[in-house]
Amino acid sequence: MNATVSTAVFGGFMVLTVVLGLLAVRGRGSGGGLAEWSVGGRSLGTVFIWVLMAGESYTSFSYLGAAGWGYSSGAPVLYVLAYMSCGYALGYVAGPMLWAYARRHHLVGITDMVAHRYRAPWLGAAVAVLATVCLLPYIQLQITGMGVVVSTISYGAISLNWAYFIAFAVTTAFVVISGLRGSAWVSVLKDLLVIATLGFLAVYVPLHYFGGYGPFLDRIVAEKPQWLTFPGHASGGLGPVWFITTTVVNSLTVVIFPTTVAGYLGARNADVLRRNALYLPFYNVLLFVPMLLGMAALFVVPGLVGADSDLALFKLVVDSLPAWAVGLTGVAAALSSIVPMAVFMLVIGTMWGRSVLGARANPDTGAGEAAGDGEVGGDGGRRAADGRQKLWSQVVVVVAGALALLLTYTAPDTLVRLSLISYEGMAQLVPMLLLGLVWRRLTLRAAVSGLVAGFALVCVLVFGGHDPVWGMNAGIVALAVNVAVALGVTWLGPRDADVRPDAEVLALDDEFPRDGALPRGGAAGPTASS
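Residues numbered from 1 in each chain as written. Predicted model: local features only at pLDDT ≥ 70, side-chain atom pairs only at ≥ 80, totals over all residues. Heavy atoms only, no water.

Trainee: Describe in detail the overall build of the protein, supporting the description with residues and values.
Mentor: When helices and strands are counted, the protein shows 24 helices and zero strands. By sequence separation, contacts in the protein at least 24 residues apart represent 84% of the contacts at least 6 residues apart. Approximately 19100 Å² of the protein is accessible, and the part contributed by carbon and sulfur atoms is 68%. (Helix = DSSP H or I, 4+ residues; strand = E, 2+ residues; numbered from the N terminus. Contact = heavy atoms within 4.5 Å. Areas by Shrake-Rupley, 256 points an atom, 1.4 Å probe, with all protein chains shown as cover.)

Trainee: Give me unusual backbone geometry: which residues, what numbers.
Mentor: At the junction of F230 and P231, the peptide bond is cis and its omega measures out at 5° in the coordinates. Note that P231 resides in the loop between helix 10 (213-223) and helix 11 (240-256). Looking along the chain, the bond that leaves D467 and enters P468 is cis, with omega of 5°. Inspection of the secondary structure puts P468 in the loop between helix 22 (444-463) and helix 23 (474-492). The backbone of R119 shows a phi angle near 50°, a positive value even though the residue is not glycine. Along the chain, R119 turns up in the loop between helix 7 (110-117) and helix 8 (121-153). At W470, a residue that is not glycine, the phi angle is positive and equals roughly 55°.

Trainee: A description of a nonpolar patch on the surface should follow, citing residues and the corresponding values.
Mentor: Where nonpolar side chains cluster on the molecular surface, the patch consists of L357, L391, W392, V395 and V399 and spans about 450 Å² of accessible area. Considering the arrangement of structural elements, one finds V395 in helix 18 (residues 380-410). On the accessibility criterion, V395 (37% relative accessible area) is partly exposed. (Patch = residues over 30% accessible without salt bridge, like charges linked within 9 Å, V, L, I, M, F, W, Y side chains within 5 Å. Salt bridge = Lys/Arg side-chain N within 4 Å of Asp/Glu carboxyl O. Buried < 20%, exposed > 50% of the residue type's maximum accessible area, 1.4 Å probe, protein only.)

Trainee: Residue-level account of the packing of helix 8 against helix 16 (residues 323-356), with values.
Mentor: Orientation of helix 8 relative to helix 16, taken along the N-to-C sense of each, is 165°, at an axis distance of 8 Å. With respect to helix 16, the axis of helix 8 lies roughly antiparallel. Once helix 8 is placed against helix 16, the crossing between them reads as left-handed. Tallied by class, the residues present in the contact of helix 8 with helix 16 amount to 26 nonpolar, eight polar and no charged. (Axes fitted to C-alpha atoms, helices over the stretch in contact; angles between N-to-C directions. Parallel < 35°, antiparallel > 145°, perpendicular 65-115°, else oblique. Left-handed = near helix turned anticlockwise from the far one by under 90°. Nonpolar A, V, L, I, M, F, W, Y, C, P; charged D, E, K, R; others polar.)

Right, here's the structure in full:
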């Protein structure tokens, strides 16, 4: 009976999820062009951007990984709160800059941006491949996370394999049709459930098992003090230096992470992003809940080891709550997998549909203007190209999701191993993108040389078992080498001839006024000496 009730609640909400995704594009014909599908027509307001980008912080990790880290290690898990809050602060500046640059040049992602900035469509394609390598593991991790959640909250009635397929099918069903706008609509439902379930558990678990927070925290201090200080319990040496360096490199990375940029580009204007950067840290306070509940589980379900520690929170839920409440908590966790997975799939599809399969190599205009995005006037050829890119993007969404699902079934360790370099690898795009948009002298050779050096070093350190290295996050060591190589090649190597004005190359201050209106002019001419 418990399995029937919990599964029925879960099934009903999965149907509602697909319906919400489809309703998101009601009255918009076939969903518009590529810009409408991939960045919501650049028209999402504060609430939708807030709930959409909150999906970056509340994935299946929130219910599984955060509780698992709290259970197995303790204090080091706080790096998640630190880097996200710092990333939002950086996003207050970088978000409007990237939004305005993309809007001015009709771009829909980071691959477009680097192709336009360096007049190299091939670079956009190369970045799409690299970013896909870093993003595919996240799709697989969300599929796996949702599978574990569904199997657990159904009391084993739904097998892991079927749960994996449900994750893929539900996500693909609405993201192919409704794109980013559908993800934003579903995010509203997800956030309501996340806030309700975690808020309830934050009060219920300490009272139910310990008689309140005072006795609970007293017991941790008395019996598990190593969980409360760095480097935590059995964490492998994740001390204060690791914490600081990880916070720095991850906060830089999250600003230019393709899924974060998709949220930026969906905004109606720059002020939406500024308000969003102010509000999002408040949402992160909820992340304390699974971390604390993971430590509470130490006393309720002791002895969990390895991957089983990720089930710490749900062991508490299944042990103490009625089936309908277990089902609701499972829905919140499942949607915390579906929403970010949808954006990961959408971003991969957009990168390949735009920069790889649909790119037109025209170095004078860049990938964005060469292809157009359907927002501005143009002939039928531009609209047709836009339609083809959207179609290719939708096809790639299905292919990327199916590939991640297939590897989940047949070779899960392949993508899990790649996930080790996901954030550190994406961090190596920071100089190419952010530095390149504010410093004209950064050349194509320099940016590519730094990227290759940094990414290669990350792979050597991480796969060689040297992360942390000297107590530091391997990603920040590689990023330092990346920047040093890029600066060295810029100053010592040949200078690329680029006669475009600054307004075509850089993200200038006048590109993101507070009213969201973008000037179409710009600097009078190139400033090669700047």
